[in-house]
Amino acid sequence: MKKASLPLVISLFCMIITSAQKTKQSTAKLSPATSPAKKILPGAYQVSEYLPLLKGKRVAIFANNTATINNTHLVDTLKKLGITISKIFGPEHGFRGDANAGAHVDNYTDAKTGIPVISLYGSKRKPSEEDLANVDVLLFDIQDVGVRFYTYISSLQDFIESAMEFDKPLIILDRPNPNGFYVDGPVLDTAFKSFIGMQPVPVVYGMTIGEYANFLVGEGLFDKNIMASWMMRIVNNASDTAKRKGNGLNITVIKCRNYTHKSKYILPIKPSPNLPDAGSIYWYPSTCFFEGTALNEGRGTDKPFQIFGHPSLPKNLYAFTPVANAGSNSPKLKDQLCYGWNLSGTNEQILQQIDNKIQLKYLLNAYKLFPDKANFFLKASKANPKPADFFFNKLAGNAELMQQIIDGKSEKEIRASWQPKLEAFKKKRKKYLMYPDFEAT
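Residues numbered from 1 in each chain as written. Predicted model: local features only at pLDDT ≥ 70, side-chain atom pairs only at ≥ 80, totals over all residues. Heavy atoms only, no water.

Colleague: Can you help me understand the pattern of salt bridges in this one?
Modeller: One side chain can pair with another of opposite charge once the charged atoms of both are near each other. Counting across every chain of the model gives 19 salt bridges. With a shortest N-O distance of 2.7 Å, Lys-357 and Asp-355 are connected by a salt bridge. Accessibility expressed as a relative area gives 45% for Asp-355, which makes it partly exposed. For Lys-382, the salt bridge goes to Asp-389, with nearest N and O atoms at 3.5 Å. One continuous salt-bridge network, built from bridges that share partners, spans Glu-291, Glu-297, Arg-299 and Lys-332. (Salt bridge = Lys/Arg side-chain N within 4 Å of Asp/Glu carboxyl O. Buried < 20%, exposed > 50% of the residue type's maximum accessible area, 1.4 Å probe, protein only.)

Colleague: When you look at the pairing of strand β4 (residues 84–90) in this model, what are you seeing that I'm missing?
Modeller: Most of β4 sits out of view: six of its seven residues are buried. Pairing of β4 with strand β6 (residues 116–119), which is carried by three bridges, proceeds in the parallel orientation. Bridge pairing links Phe-89 to Ile-118 in β6. (Helix = DSSP H or I, 4+ residues; strand = E, 2+ residues; numbered from the N terminus. Pairing = 2+ DSSP bridges.)

Colleague: Any chance you could explain the sheet that holds strand β8 (residues 170–173) here in plain terms?
Modeller: By definition, the strands of a sheet pair up through backbone hydrogen bonds, in either a parallel or an antiparallel sense. An order of β5-β6-β4-β1-β7-β8-β9 is seen for the seven strands of this open sheet, with the pairing classed as mixed. Bordering the open sheet on either side are β5 (108–109) and β9 (251–254), each of which pairs with just one other strand. Set on the sheet, helix α4 (residues 152–165) makes contact with β1 (58–63), β4, β7 (137–141), β8 and β9; between it and β7 the angle comes to about 170 degrees. Lying on the sheet, helix α5 (residues 209–219) is in contact with β7, β8 and β9; it crosses β8 at an angle near 140 degrees. (Contact = heavy atoms within 4.5 Å. Axes fitted to C-alpha atoms, helices over the stretch in contact; angles between N-to-C directions.)

Colleague: How do you make sense of helix α13 (residues 411–430) when you look at a structure like this?
Modeller: An α-helical turn contains 3.6 residues, so a residue and the one three or four places further along point in the same direction. If you check α13, its first and last C-alpha atoms are 27 Å apart, about what 20 residues at 1.5 Å a residue would give, namely 28 Å. Most pronounced at Gln-419, the bend in α13 amounts to some 45 degrees, and the proline Pro-420 follows within four residues. Those residues of α13 that fall on the buried side of the exposure criterion are Glu-411, Ile-414, Arg-415, Trp-418, Leu-422, Phe-425 and Arg-429. The inward-facing, buried residues of α13 abut α5, α10 (361–369) and α12 (400–406). (Expected span 1.5 Å × (residues − 1). Bend = angle between axes of the 7 residues up to and from the residue.)

Colleague: Explain the sheet that holds strand β12 (residues 338–342) to me, please; I cannot follow it from the model alone.
Modeller: Taken in spatial order, the three strands make up an open sheet running β10-β12-β11, and their pairing is antiparallel. In this open sheet, the two strands that pair with only one neighbour each are β10 (307–310) and β11 (318–320). The mean inter-strand angle of the sheet, taken between neighbouring strand axes irrespective of direction, is 45 degrees. Looking at chain direction, β11 and β12 are connected through three bridges and run antiparallel. Following the sheet pairing, Phe-320 is matched in β12 by Cys-338.

Colleague: Just to check I follow, could you spell out the nonpolar core for this structure?
Modeller: Nonpolar side chains tend toward joint burial in soluble globular proteins. Formed by 95 residues in total, the largest nonpolar core has its most connected members in Phe-140, Phe-149, Tyr-212, Phe-215, Tyr-284, Phe-289 and Phe-392. With seven residues, α4 is the largest single contributor of residues to this core. Apart from residues lying up to four places away in sequence, Tyr-212 is in contact with Ile-153, Leu-156, Gln-199, Val-201, Tyr-205 and Met-207. Judged by nonpolar contacts, the second largest core, of 24 residues, contains Leu-51, Ala-67, Leu-78 and Ile-85. (Core = buried A, V, L, I, M, F, W, Y, C linked by side-chain atoms within 4.5 Å.)

Colleague: Just to check I follow, could you spell out the environment of Lys-124 for this structure?
Modeller: In this fold, Lys-124 is placed in the loop between β6 and β7. Given the relative accessible area of 26%, Lys-124 is considered partly exposed. When the C-alpha atoms of Lys-124 and Asp-106 are compared, they prove to be 9.9 Å apart, with 18 residues separating the residues in sequence. Not counting the four nearest positions on each side in its chain, Lys-124 is found in contact with Ile-118, Ser-119 and Asp-131.

Shown next, in the form of structure tokens:
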């Protein structure tokens, strides 16, 4: 068969995505919002829906400690059901979720199961062709927290791209988004693309991991070379395409039950060492910006992202001392007495303070009170840094926020600058939702 031209491939890709989106939308309709009394059940609990897709197959699972059904890990459940698990892929913090943030994680054999674990947060981020040689189907089950700079959505994209590149079917077990009840923050400028922000989405994007996968597919937000190769293969293998119901896609999302974007879902397991509870998860979108500054962001305390400060801030503020702990071996300003803020409280109190939006006032106030303003933002490591080399700008997804803070802009002025791109994203987001939204369509 004659190879298709690139323009034809691009045209067909658009047709396929349109067809796929219609299919997603037609199957994503839910019954009216269920009673709050009904327990929210993640996709992993719907075993009868995905077990037939795994029977008799060699399965590779991308998961961490959050991939559970009740108190049992998904890997253990599937093994008991007779599913052959060839290998496990682990993200940041490792398969068991106990590695420090940003720490290099090597390959190893899981002591409990004897299954080889390949790290996708060490020397590589994607499964290779060799990794997938003895694999028939891929399975993804990781709890996200709905914040752009939380790296699991980047891991998801890389995993989907490997599925596309090496022609493997992928099943995504969806999980509720604990910050899925609002959308806010600056939309990332792709000039600032990094592993802590790969796509033009706001800091809080209001989608589950399954909905985010739909968004990536629907918008065609993948590596251009992988996408072109994938499309060429589909064009040149018409019979293969026909087996996939005419849309060329081989991704299945297993939905949650009883979840809506009005839900305030409390995670049963901490998703990473420095997000130990709902309070830290709720404050994380607002206070993670301190990671790009001289201030300690609460690592080395029992309330990361709820406590933050610096030794040079006024001594009438909240006092704390970061120390080495299980979540952070070497926190910023370790063993130094710091002064700052403690925003902890009950979940209800914190939700009231956040008020469904990113709170910038603490960041603005910290800069105002910081005596050495030239060193408030962490310096880039390069000799002649570009704006995208500053860690704060990677978190923000632009260079504007840093400059707005330096210029003394008010929170109202800063938030107003987000609105055009934020509103455009909100309209786009609606197309990919599988659950009732927090606001009317």
